[in-house]
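# Structural overview
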Amino acid sequence: NDFPELPNTGAEETLTIKTGVLKDMIDRTLYAVSQDEKKPAHTGELFEILPDKLTVVALDGYRLAIVERPVTAVKDIRIIVPSKTMTEVAHLLPNDDEEPVHISANRRYVVFMAGGYTIMSRLIEGEFLNYRAAIPNDFEHVVDIDSHELISSIERVSLIVSEKLKNPVRFHFDGNYVQLSCVTAIGKSYDECPIDGCIEDLEIGFNNRYMLDALRASGTEKVRLQLKGSLNPIVISPTEGDKFTYLVLPVRLRAND
């Protein structure tokens, strides 16, 4: 008798999407959700639903993840779904990638129905950043790189980085290679990785974890790196198609980094 009644959400059917597509969109973006409660709108994922397209966006002020997929939606709506809800949805989605997920939404609630589960959640209120304005329009350098090789290089260089010893990984693009290095109180580390293309003498620093998260979430053998300068964000995208767009802000390098 004391169990609370389920809310009458009033959510209207918005779109139906395949389980495999929704799970892929969540997996590719959830890593970038903010943990900062001071900006509650960024602690969730933006669902931007148009009649022919679903865009899911996550950001935390240092990185940005955007994934778009074609859909057939009943109505336009822009909602912010809590990251905890998205984590639960991903866990409860059926193993059959072709099974449909029915999504209903209004300005207060979102409801996911799939595989015999119904997940109801309140939405996050607030203004989500104009993420499209954060993406640079033009780039001076565009190169392709093996994502697995780059992940391995960053991991090796990051062996001397810890929670107490945080220093950026220095990326020095020099011809057909990117040289990675880092200096902390433990010592120095160095590695290098070949690139498809050529960039002459560009140095830029990144938080090692932010780069690793983006590269791992890409799920592709090769990625395209688009750069403008040492103080501009790097944009990571697939070499073919537009499955995802990731943006990582650089760290300003000091002489002793």
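Residues numbered from 1 in each chain as written. Predicted model: local features only at pLDDT ≥ 70, side-chain atom pairs only at ≥ 80, totals over all residues. Heavy atoms only, no water.

## Quick word on the pairing of strand 6 (residues 100-105)
Here is the key point about a regular strand: its side chains alternate between the two faces of the sheet. Across 6 bridges, the pairing between strand 1 (residues 12-18) and strand 6 is antiparallel. Looking across to strand 6, one finds that E12 is bridged to A105. The pairing of strand 6 with strand 7 (residues 109-114) spans 4 bridges and is classified as antiparallel. Looking at the pairing, H102 lines up with M113 of strand 7. Taking the residues that link successive antiparallel strands as the turn, the strand 6-strand 7 hairpin has 3 residues. (Pairing = 2+ DSSP bridges. Helix = DSSP H or I, 4+ residues; strand = E, 2+ residues; numbered from the N terminus.)

## So, the nonpolar core
Counting residues in hydrophobic clusters, the biggest one holds 66 residues, and the most contacted among them are F112, F171, F173 and L225. Not counting residues within four places of it along the chain, the set of residues in contact with F112 comprises L22, V81, T85, M86, V89, V101, H102, I103, Y117, T118 and I119. (Core = buried A, V, L, I, M, F, W, Y, C linked by side-chain atoms within 4.5 Å. Buried < 20%, exposed > 50% of the residue type's maximum accessible area, 1.4 Å probe, protein only. Contact = heavy atoms within 4.5 Å.)

## Thoughts on the sheet that holds strand 1
The sheet built from 4 strands is open, its strands ordered 1-6-7-8 with antiparallel pairing. The strands lining the two open edges of the sheet, one partner per strand, are strand 1 and strand 8 (117-122). Here the average twist between neighbouring strands, direction ignored, is 20°. Bridge count for strand 7 against strand 8 is 6 bridges, and the pairing is antiparallel. Following the sheet pairing, F112 is matched in strand 8 by I119. Where helix 1 (residues 19-29) meets the sheet, it contacts strand 1, strand 6 and strand 7, and its direction lies at approximately 90° from that of strand 1. This element, helix 2 (residues 83-92), spans strand 7 and strand 8 of the sheet and lies at about 175° to strand 8. (Axes fitted to C-alpha atoms, helices over the stretch in contact; angles between N-to-C directions.)

## Some remarks on the state of the cysteines
Taken as a whole and judged by the stated rule, the model has 0 disulfides. Considering cysteine sulfurs only, C198 is the nearest to C193, which forms no disulfide, with 15 Å between them. Judged by its relative accessible area of 1%, C193 is buried. (Disulfide = S-S within 2.5 Å.)

## Observations concerning helix 5 (residues 208-218)
Most of helix 5 is tucked away: 9 of the 11 residues are buried. Among the residues of helix 5, N208, Y210, M211, L212, D213, A214, L215, A217 and S218 are the ones counted as buried. You can read the cap of helix 5 off the contacts: a side-chain oxygen lies 2.8 Å from the backbone nitrogen of R209, and it is on N207. With its phi angle positive at about 65°, G219 sits one or two positions after the end of helix 5. (Polar contact = N/O pair within 3.5 Å; in protein donor to acceptor, adjacent residues only side chain to side chain.)

## A closer look at the environment of D2
For D2, the position within the fold is in the segment before strand 1. Taking the relative accessible area as the measure of exposure, D2 reaches 79% and is therefore exposed. Once the C-alpha coordinates of D2 and G197 are considered, the two residues, 195 residues apart in sequence, prove to be 65 Å apart.

## Observations concerning the environment of H172
With respect to the secondary-structure elements, H172 resides in strand 10 (residues 169-183). Its relative accessible area of 18% is what places H172 among the buried residues. Distance in space between the C-alpha atoms of H172 and F244 is 25 Å, their sequence separation being 72 residues.

## Let's talk about helix 4 (residues 147-157)
Among the residues making up helix 4, those that are buried are S147, L150, I151, S153, I154 and V157. All buried residues of helix 4 project into a common sector of 165° when viewed along the axis, lining one side. Among the structural elements, strand 9 (141-146), strand 10, strand 11 (188-206), helix 5 and strand 12 (222-227) are those in contact with the buried residues of helix 4. Its side-chain oxygen placed 2.9 Å from the backbone nitrogen of H148, D146 serves as the N-cap of helix 4. (Arc of directions from axis to C-beta.)

## Overview of the pattern of salt bridges
Pairs can form between side chains of opposite charge whenever their charged atoms are close. In total, this model carries 18 salt bridges according to the counting rule given. With its nearest N and O atoms 2.4 Å apart, the salt bridge here joins R78 to E48. With R78 in strand 5 (residues 77-82) and E48 in strand 2 (residues 44-50), this pair connects stretches of sequence that are 30 residues apart. Among the residues examined, R78 registers a relative accessible area of 36% and is labelled partly exposed. Note that D213 is salt-bridged to R63, the shortest N-O span being 2.7 Å. Here the residue D213 occupies a position in helix 5, and R63 occupies one in strand 4 (residues 63-70), the gap between them amounting to 150 residues. Accessibility assignment for this pair places D213 and R63 in one class, buried. (Salt bridge = Lys/Arg side-chain N within 4 Å of Asp/Glu carboxyl O.)

Take it as geometry only, folks, not as evidence of what the structure does.
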